[in-house]
Amino acid sequence: MESNEMIGASIPRIDAFEKVTGRAIYGTDLKLPGMLYAKVLRSPLPHARVLNVDTSRAERLPGVRAVATGRDLMVRYGVVIQDQPPYAFDKVRYIGDPVAGVAAVDPDTAEEALRLIRVDYEEIPAVFDPLEALRPGSPLVHEKLDGYWASPIVFPEPGTNICNHFKIRKGDVEKGFRRSEFLTENTFTTPMIQHCHLEPHVAVAKWDPSGQVTLWSSTQHPYTVRREVARLLNLPINRVRVIVPSVGGGFGGKVLVKVEPLCLVLAMKVKNSRPVKLTLTREEEFFASSVRHPTITTIKAGVRKDGSLTALKTRMVFDTGAYADAGPVVARSSGMAITGPYKIPHVWSDSLCVYTNKAVAGAFRGFGVPQLSWAMDSTMDILAKGIGMDPVAFRLKNALEEGDFSATGQVLHSVGVKECIQKAAQAIEWRKKRKKYRGIGFGTLYKMTQTPSSSAALIKVSEDGSVEVLASTVDIGQGSNTVLAQIAAEELGVDVRNVRVVSPDTNVTPYDHGTASSRSTFHMGNAVKQAAADARKQLFEVAAEQLEVRPEDLESRGGFLYVKGAKGPGTPISAIRMGVTYGKGRPITGQGTFSVPDATLLDQETGQGALPSIFWLYGAQAVEVEVDPETGKVEILRVVAAHDLGRVINPLNCEQQVEGAVVTGVGIALLEEMVVQDGTPVNRNFRDYRIPTAMDSPEVTSIFVEATHKDGPFGAKGVGEPALAPTAPAIGNAIYHAIGVRIKDLPITPEKILKALKEKAEKKK
């Protein structure tokens, strides 16, 4: 079919008008008839047995309609490991663990009721350091780990605090080290950080005595919420409906199940089926929702004098906090990418996801790969310096190419990393001399996507020629609605302005695994493309009968049907009878699905498998900085971000994604850290927790490499997560180039720089 020029066009966001004008309805805006407001009583202790919860005084308070405790629903939820109760019924495991909930006629009454609840605790020893949590005899956060259901892709170790131990064993790592001519071993750390999405977590639950549950949720995973809620209540899945309003940001923080069970338990206790709404406060967002995993990464690596990497041995420890959430899969994702986008013949890697008595860590943009990239790309610069080789030349020598094997044994396809490195180096003027205290640095990206996973879509063509896309992908600001509309418009041959993407509603929009792992353009894009092709086929069949031509003689462009080779005006799609008027015709509804049936599990002991990821993402970033040696202040002068997206569907959208990710990366590199003392997050507000502002946003040059993927829609892969990972290591390497000191612990604060400069000066004495 002739192109309608939708693919590769910078179409403005199709939802921009309603969001800019304030017409978009977010979860925090929802007000339903008879709605009650929920508040949650949370544990003040990091680890304690719950002996008794007395709610009698709260229940008598005027305006209170329901009070819930752990005794009301003594089951556990969890998509990866089922380890978390809605409300604690045996013990609390972190400061912030839900103990009781109240539903009242207004938020103030609910808050007052919380103060009337009395809880008796028996405090028990806690563990806050993940390395301490690994030691024999350390307090166990979950004594019954062996009794929890766990996904087949993760490997918990009962009797310990390890909820996943992911291994890569490739070649003979000790032999590789013996062949090395330069070795380095270092430890790098990243702190706990917060997602800081503007809209807090919010959910509204409505329980009908007939057993029908309706949830309005600010979630990235509507079908995951649906499945987990049905399991918690032992209901058929079709009795649970999840509706997703506009979502004000997520960055992974709204992946999996979060606040939904808390308001659901209350809704089950309310009379007259009144809906119950729970909105977290900003303070709760910091210590009681989800955070990014702190990590401790030890890397030993070897290289020959000609620049060939020989061996890599790593140990990554992920502090997942009190409950698993997505943590075990985050450790797996990082472990699969442990080599970065480089060829290394001998690899030994252990990725450990560890329970502690701290805030729950879950998915965060990049799914563990940014923490790995910080350590791996810092190591790459250390190795290059050790053998006297230019860092860019060193990366190019070892970079993966089409047909190479990954560390997990997969034959790689659609590999554009070398071109990314070359273009980033050229754009930053890598070989140009910089003045004193200015430096340049490099970082790279290598990331898998969740595999297997599935997506389904429906396309409805209305009698006026307009089109509806029914898909459960959640647009959390990444522009997925626009991309899906472009794909549908291209395949159907209609104007994208006449395409509407329906918001996720599990009673209306078909199944999707979830909005995460940079999978939406690839997986849902394929499903939408198939559904549009199916709808086009049906449309041509109906039109052919009315126009007295063969279906294969038709083509569509701009909302019109044309007979191939014929001159003259086309027939508008609106002129085709679709079963709503007299005469022949039928409604047009196309359907499409995409999955990866030949995906393979990875071996538990070696981490090897033929197809653990349907595609891999690649990128490279170059950063120029200036460091003030008197104050330690770092100014980011420029960032060049080159990323392999497969095929670029919407360049403007991709630029926005990259720029947003880079700014987040600047914050992670220089500013962000949740300070935790004895399990208590100290800086749990935007006054004390610093994120980048517009004043901190550097100039960003985006470059897109198109190593098209044979299975992607029009060859596309994705860009949701990749641009975050290379930024911090590129900044760290640039700071080293500017002042000759290497910081191994994020964030790189002025205090750390001044301390390192002082130590460097003292060594010279």
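Described in the following lines is the structure provided in the data block. (Residues numbered from 1 in each chain as written. Predicted model: local features only at pLDDT ≥ 70, side-chain atom pairs only at ≥ 80, totals over all residues. Heavy atoms only, no water.)

### Remarks on the overall build of the protein
Secondary structure assignment for the protein yields 17 helices and 30 strands. The C-alpha atoms of the protein give a radius of gyration of 27 Å, which matches the 27 Å a tight globule of 765 residues would have. The C-alpha extent of the protein, read off along each of the three principal axes, is 95 × 75 × 50 Å. Sorting the 765 residues of the protein into buried and exposed places 61% on the buried side. Contacts in the protein between residues far apart in sequence, at least 24 positions, make up 79% of those at least 6 positions apart. Summed over its atoms, the accessible surface of the protein is roughly 28,800 Å², and 50% of this surface lies on carbon and sulfur atoms. (Helix = DSSP H or I, 4+ residues; strand = E, 2+ residues; numbered from the N terminus. Rg over C-alpha atoms; globule rule 2.2 N^0.38 Å. Buried < 20%, exposed > 50% of the residue type's maximum accessible area, 1.4 Å probe, protein only. Contact = heavy atoms within 4.5 Å. Areas by Shrake-Rupley, 256 points an atom, 1.4 Å probe, with all protein chains shown as cover.)

### Quick look at the packing of helix α10 (residues 369-386) against helix α16 (residues 727-739)
Interaxial distance between α10 and α16 falls to 8 Å at its minimum, and their mutual angle equals 35°. Our pair here, α10 against α16, has a crossing hand that is right-handed. Counting all contacts with α10, which are made through Ser373, Trp374, Asp377, Ser378, Asp381 and Lys385, the residues of α16 involved are Ala728, Pro729, Gly732, Asn733 and Tyr736. (Axes fitted to C-alpha atoms, helices over the stretch in contact; angles between N-to-C directions. Left-handed = near helix turned anticlockwise from the far one by under 90°.)

### Side note on the sheet that holds strand β8 (residues 182-190)
Ordered in space as β7-β17-β16-β15-β8, the five strands form an open sheet in which the pairing is mixed. In this open sheet, the two edge strands, each paired with only one partner strand, are β7 (162-170) and β8. Neighbouring strand axes in the sheet, compared pairwise and without regard to direction, differ in orientation by 5° on average. Strand direction decides the pairing type here: strand β15 (residues 295-303) and strand β16 (residues 309-321), joined by nine bridges, are antiparallel. Its bridge partner lying in β16, Gly302 is registered against Ala311. In this fold α10 packs onto β8, β15 and β16, with an angle of close to 150° to the strand it touches most, β8. (Pairing = 2+ DSSP bridges.)

### Some thoughts on unusual backbone geometry
Between Thr451 and Pro452 the backbone carries a cis peptide bond, its omega angle lying at 0°. With respect to the helices, strands and loops of the structure, Pro452 is situated in the loop between β18 (438-447) and β19 (455-461). Cis peptide bonds are those with omega within 30 degrees of zero, and the linkage from Leu746 to Pro747 qualifies with -5°. Here Cys196, not a glycine, exhibits a phi torsion of approximately 60°, which is positive. Residues other than glycine seldom take positive phi values, yet Phe251 does so here, at roughly 55°. When you line up the elements, Phe251 lands in the loop between β12 (240-243) and α7 (260-269).

### A few points about the pattern of salt bridges
Within the structure shown, the criterion is met by 44 salt bridges. The shortest N-O distance in the salt bridge between Asp319 and Lys358 comes to 2.6 Å. Taken together, the positions of Asp319 in strand β16 and Lys358 in the loop between β17 (346-355) and α10 put the pair 39 residues apart, joining distant regions of the chain. Of the residues examined, Asp319 reaches a relative accessible area of 3% and is grouped as buried. (Salt bridge = Lys/Arg side-chain N within 4 Å of Asp/Glu carboxyl O.)

### Focus on helix α11 (residues 391-398)
Spacing of three or four residues puts side chains on the same side of an α-helix, whose turn is 3.6 residues. Listed as buried for α11 are Val392, Phe394, Arg395 and Asn398. Down the axis of α11, the smallest arc covering the buried residues is 160°, so these residues share one side. Turning to α11, the residues buried within the fold contact β15, β16, α10, α12 (417-427), β18 and α16. (Arc of directions from axis to C-beta.)

### A short note on the environment of Phe128
Inspection of the secondary structure puts Phe128 in the loop between β6 (118-123) and α4 (130-133). Overall, the relative accessible area of 25% leaves Phe128 in the partly exposed class. Sequence separation between Phe128 and Asp319 is 191 residues; the distance between their C-alpha atoms is 9.0 Å. Setting aside its immediate chain neighbours within four residues, Phe128 contacts Pro46, Asp319, Thr356, Asn357, Lys358, Asp678 and Gly679.

### Examining the packing of α10 against α11
What describes two packed helices is the angle between their axes and the distance between those same axes. Contact geometry of α10 with α11 gives a least axis separation of 9 Å together with a crossing angle of 110°. Taken together, the axes of α10 and α11 lie roughly perpendicular to each other. For the pair formed by α10 and α11, the contact residues are Asp377, Met380, Asp381, Leu383 and Ala384 on the first element and Pro391, Phe394 and Arg395 on the second. When grouped by side-chain class, the residues that make up the contact of α10 with α11 number five nonpolar, no polar and three charged. (Parallel < 35°, antiparallel > 145°, perpendicular 65-115°, else oblique. Nonpolar A, V, L, I, M, F, W, Y, C, P; charged D, E, K, R; others polar.)

### A few points about the side chain of Asn526
Assignment of secondary structure puts Asn526 in helix α14 (residues 520-547). Engagement of the side chain of Asn526 in a polar contact is seen with the backbone oxygen of Phe522, the distance being 3.0 Å. Residue contacts for Asn526: discarding those within four places in its chain leaves Thr521, Phe594, Asp711, Gly712 and Pro713. (Polar contact = N/O pair within 3.5 Å; in protein donor to acceptor, adjacent residues only side chain to side chain.)

### Things to note about the nonpolar core
Among the nonpolar cores identified, the biggest contains 133 residues, and Phe442, Val625, Ile636, Leu670 and Ile735 are the most heavily contacted of them. Looking at which element gives the most residues to this core, the answer is α10, with nine residues. Here Leu670 is in contact with Val634, Ile636, Ile731, Ile735, Pro747, Ile748 and Thr749, once residues within four sequence places are set aside. Listed in part, the 40 residues of the second largest apolar core include Val461, Leu484, Ala489 and Leu492. (Core = buried A, V, L, I, M, F, W, Y, C linked by side-chain atoms within 4.5 Å.)

### Looking at the pairing of strand β5 (residues 98-104)
Burial within β5 is extensive, with seven of its seven residues counted as buried. Bridging between strand β1 (residues 36-42) and β5 involves six bridges; their strand directions are antiparallel. Looking at the pairing, Leu41 lines up with Ala100 of β5. Sheet analysis places strand β3 (residues 64-69) next to β5, joined by five bridges and oriented antiparallel. The partner of Thr69 across the bridge, within β5, is Ala100.

### What to know about the pairing of strand β21 (residues 499-502)
Of the strand pairs in this sheet, strand β20 (residues 467-471) and β21 are connected by four bridges, and their pairing is parallel. Across the sheet, the residue bridging to Val467 is Val499, located in β21. Regarding the hand of the β-α-β motif, the stretch spanning β20, helix α13 (residues 480-492) and β21 is right-handed. (Right-handed = clockwise from strand over helix to strand, strands pointing away.)

### Looking at the sheet that holds β21
With mixed pairing, four strands are arranged side by side in an open sheet as β21-β20-β19-β25. The sheet is open, and its two borders are formed by β21 and β25 (588-594), each paired with just one other strand. Each adjacent strand pair in this sheet contributes to an overall mean axis angle of 20°, direction not counted. Sitting on the sheet, α13 touches β19, β20 and β21, and the angle it makes with β21 is about 135°. Across the sheet, α14 touches β19, β20 and β25, and the angle it forms with β25 is around 150°.

### A few points about the packing of aromatic side chains
Counting across every chain of the model gives 10 aromatic pairs. Look at Tyr223 and Tyr511: their rings are 5.2 Å apart centre to centre, the planes differ by 70°, and that puts the pair in the edge-to-face class. You can see Tyr223 sitting in helix α6 (residues 222-233) and its partner Tyr511 sitting in the loop between β21 and α14, a full 288 residues away along the chain. Under the relative-accessibility criterion, Tyr223 is labelled buried at 9%. The interplanar angle of 85° and the centroid separation of 5.3 Å between the aromatic rings of Trp430 and Phe442 together place this pair among those described as edge-to-face. With Trp430 in the loop between α12 and β18 and Phe442 in strand β18, this residue pair connects regions lying 12 residues apart in the sequence. Each member of the pair Trp430 and Phe442 is classed as buried. Here the aromatic residues Phe286, Phe686 and Tyr689 are joined through ring pairs into a cluster of three or more. A cation over a ring is seen here: Arg292 above Phe364, with NZ or CZ 5.6 Å from the ring centre. One cation-aromatic arrangement involves Lys529 over Phe714; the distance from NZ or CZ to the ring centre is 4.9 Å. (Phe/Tyr/Trp six-rings, centres within 6.5 Å; stacked < 30°, edge-to-face > 60°. Lys NZ or Arg CZ within 6 Å of the ring centre and 35° of its normal.)

Distances and angles like these do not, on their own, reveal function.
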